[in-house]
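# Coordinate analysis (summary)
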Amino acid sequence: MNKKLIIATMLALVAMTGWAQSTKTATVTGYSPALKDSTLVLAGTGTMGTVVDTVQNGRFAFTLPVEELTMGFLSFIGEGCPNFSLSLMMKPDVTVKVTGTDCLYPLWKVESPIPEQQTQNRMTEHCRDVIIEMIQIEQNKDWDRFDSISMVFMKRQMDILPSLPIDAASVNALWSISRMAKNTKDFPYMEQLKNLEKSFAAHAPKELEEQMAEIHNYVYPAPLLHVGDKYVDAELFDMQGNKHRLSEAFSGGRYVMLDFWGIGCGPCMMSEPEMREVYERLKGQLEIVGINQNTLSEWKNHEFSKRIVWKNWNDGKKGSSLTSRYCDMDAIPYYVLISPEGRILWKAVGYGPGWFLGLAETFNCPKQDNSSNLGFVVRKVDANANGTKVSFRNYTKKGYWFRIGKDSYLEANGKKYKLTAADGIKLDADNYPEVNAFTAKEDYIGEINYSDFTLTFEPFDSMPETFDFKEGDGEGAFTIRNISLK
């Protein structure tokens with residue numbers, strides 16, 4: 001199980017970004033004598049949050065824009081505050097009061113006239129001892145115990161769900177459990193989860209049908225597409241509400257990269273300037289399709305969405321139908337590169353500076369699969385009877401180092417070909433790229449540098465069509481596969 005995914009369920013996903021405009025608000029007030037002055041108050045709805053107040057004399061208060069019943073969160077940054085959040089149900093013109101005597105705010109008393117908050121309070125109370133243990137594990141960084149206690153937490157929630165009203169709070173809990181179950185190999189309570197999904201689906205209010213559809217996709221996921229598989233088409237919407245097919249992106253024989261992203265995802269937003277630069281460089285060769293994971297209203301009303309220059313689409317289901325087909329894990333950003341023939345070439349999760357510059361290089365270099373280290377590219381190969389010279393370029397953030405082991409080798413014809421010389425770097429040492437990749441200093445891309453170097457290997461016994469570069473066999477070593485000699 002991915003403990004980071006579990007933490008994300010309770011952790012406030014904070015993006016220092018603007019709110020969608022709304023004329024309606026909900027109010028939250030709170031007090032705890034244990035909170036230190038100047039502690040930052042973080043709050044938001046969905047995955048969007050920001051600093052909303054600063055604690056003074058143990059007190060805080062803020063308002064959030066809401067148009068309807070909404071699940072929100074409250075968290076703090078300060079001495080003694082855990083990295084978890086308190087779930088709050090919010091409605092326009094309703095004031096919610098939270099109070100405690102300590103800094104364990106996920107367990108504070110929540111007073112609210114909203115019925116769904118009472119459901120949330122019952123779940124919290126039922127899991128109180130487990131939540132305390134999870135907080136202690138997080139604070140002590142005792143990750144060896146996190147997976148097992150997370151299972152206990154999910155089981156405890158599942159046990160109380162049948163006795164709770166089927167409302168926004170209980171459905172949200174079922175959604176969180178289902179999402180984690182999908183990402184957990186051999187989830188031990190799958191039959192119980194299936195029974196809960198069936199019972200909830202039969203009685204859920206109409207306004208919760210969309211979330212129930214997401215839950216169904218998690219509990220009964222469609223077959224996962226793998227590298228080499230043909231892409232699967234889907235219907236999506238643009239920001240004006242027009243319908244599109246994924247297949248449209250392949251017109252003109254272009255490669256297509258799917259970008260599964262969400263508002264509130266820091267790496268998703270950090271990658272945008274570099275992606276935009278590469279998108280312009282590869283016009284006619286590469287199409288990018290952004291597949292947003294937020295609700296339609298969050299997506300359409302957020303300023304970041306309006307910056308995107310490639311295809312910016314949403315399936316109306318927070319991406320649930322497509323992520324279950326394409327993504328090996330429910331984490332973003334997640335990228336899938338598809339060939340003009342519609343075959344999946346590679347998948348990658350997360351973002352590192354220089355990744356997309358590396359991708360752009362591969363379009364004009366020998367064919368290769370560098371998905372295990374996208375910023376690292378083979379630019380030229382010169383193979384003859386005296387040896388094989390391979391020219392590389394590595395993109396990364398300024399100040400970051402990289403290493404190439406002296407035990408690196410090429411693999412082809414069922415044999416290893418040893419490294420014999422290096423030019424432009426020191427082997428088994430820290431190397432720092434010094435050449436800036438951009439003349440412009442816009443945003444994060446001004447911090448991306450590159451380094452060129454050449455490695456020479458033993459000559460091939462017979463010329464292969466493709467070969468692999470392996471940066472040794474140790475832990476953390478990476479491979480560039482299927483480097484073409486054509």
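The structure this text deals with has already been given above.
Residues numbered from 1 in each chain as written. Predicted model: local features only at pLDDT ≥ 70, side-chain atom pairs only at ≥ 80, totals over all residues. Heavy atoms only, no water.

## As for the pattern of salt bridges
The final tally for this structure, using the stated rule, is 24 salt bridges. Two residues, Asp452 and Arg379, come together in a salt bridge whose shortest N-O distance is 3.8 Å. Of this pair, Asp452 sits in strand S21 (residues 448–457) while Arg379 sits in strand S16 (residues 376–384), placing them 73 residues apart in sequence. We classify Asp452 as partly exposed; its relative accessible area is 35%. On the basis of relative accessible area, Arg379 is assigned to the partly exposed category, the value being 33%. (Salt bridge = Lys/Arg side-chain N within 4 Å of Asp/Glu carboxyl O. Helix = DSSP H or I, 4+ residues; strand = E, 2+ residues; numbered from the N terminus. Buried < 20%, exposed > 50% of the residue type's maximum accessible area, 1.4 Å probe, protein only.)

## Digging into empty space enclosed by the protein
Throughout the structure, instances matching the rule amount to 1 cavity of 30 Å³ or more. Put simply, the largest cavity is a space of about 50 Å³. Lining the largest cavity we find Asp259, Trp261, Cys268, Ser271, Glu272, Met275, Phe304, Ile308 and Trp310. Of all the secondary-structure elements, those providing two or more residues to the lining of the largest cavity are strand S11 (255–261) and helix H8 (266–281). Sorting elements by how many residues they give to the lining of the largest cavity places H8 first, with 4 residues. Class assignment of the residues belonging to the lining of the largest cavity gives a composition of 6 nonpolar, 1 polar and 2 charged. (1 Å grid on protein atoms, 1.4 Å probe; cavity = no way out; pocket = protein on both sides within 12 Å on 5 of 7 lines; lining within 4 Å. Points joined across faces, edges and corners; volume = space filled by probe spheres on them. Nonpolar A, V, L, I, M, F, W, Y, C, P; charged D, E, K, R; others polar.)

## Let's talk about the nonpolar core
One finds Phe60, Leu74, Phe76, Leu88, Val98 and Leu161 to be the most contacted residues of the largest nonpolar core, which totals 51 residues. When residues of this core are assigned to their parent elements, the largest contribution, 9 residues, is made by helix H5 (residues 168–182). The residues contacting Leu161, other than those within four sequence positions of it, are Met123, Ser170, Ala173, Leu174, Ile177, Leu196 and Phe200. Core analysis: the next-biggest nonpolar cluster, separate from the first, contains 34 residues, Leu337, Trp355, Phe356 and Ala437 among them. (Core = buried A, V, L, I, M, F, W, Y, C linked by side-chain atoms within 4.5 Å. Contact = heavy atoms within 4.5 Å.)

## So, the state of the cysteines
In the structure shown here, the tally under the stated rule is 1 disulfide. Each sulfur of the disulfide joining Cys265 and Cys268 lies 2.3 Å from the other. Disulfide Cys265-Cys268: torsion about the S-S bond near 80 degrees, hence right-handed. Across the pair, Cys268 and Cys265 agree in class, each one buried. With no disulfide of its own, Cys103 has Cys81 as its nearest cysteine by sulfur position, at a separation of 4.6 Å. (Disulfide = S-S within 2.5 Å.)

## Some thoughts on the packing of helix H6 (residues 190–203) against helix H7 (residues 209–219)
Relative to each other, H6 and H7 sit at 155 degrees, their axes nearing to 11 Å. Accordingly, the angle class assigned to the pair H6 and H7 is roughly antiparallel. The hand of the H6/H7 crossing is left-handed. On H7, the residues that touch Met190, Leu193, Lys194, Glu197, Phe200 and Ala201 of H6 are Met212, Ile215, His216 and Val219. When grouped by side-chain class, the residues that make up the contact of H6 with H7 number 7 nonpolar, 1 polar and 2 charged. (Axes fitted to C-alpha atoms, helices over the stretch in contact; angles between N-to-C directions. Parallel < 35°, antiparallel > 145°, perpendicular 65-115°, else oblique. Left-handed = near helix turned anticlockwise from the far one by under 90°.)

## Let's talk about the packing of aromatic side chains
Evaluated as defined, the whole model comprises 27 aromatic pairs. Ring geometry for Phe60 and Phe76: centres 5.2 Å apart, planes at 75 degrees, overall edge-to-face. With Phe60 in strand S4 (residues 59–65) and Phe76 in strand S5 (residues 70–77), the pair connects residues that are 16 residues apart, well separated along the chain. Of the residues examined, Phe60 reaches a relative accessible area of 4% and is grouped as buried. Of note, Arg393 hangs over the ring of Tyr450, and the distance from its end group to the ring centre comes to 3.8 Å. (Phe/Tyr/Trp six-rings, centres within 6.5 Å; stacked < 30°, edge-to-face > 60°. Lys NZ or Arg CZ within 6 Å of the ring centre and 35° of its normal.)

## Notes on unusual backbone geometry
In this model, Ile332 is joined to Pro333 through a cis peptide bond whose omega is 0 degrees. Summarising the element assignment, Pro333 is placed in the loop between helix H10 (320–326) and strand S14 (334–338). Positive phi values are uncommon outside glycine, yet Asp93 reaches one of about 65 degrees. Here Asp93 shows up in the loop between strand S6 (86–90) and strand S7 (95–99). Given the relative accessible area of 73%, Asp93 is considered exposed.

Functional significance is not addressed by these values, which are geometric in nature.
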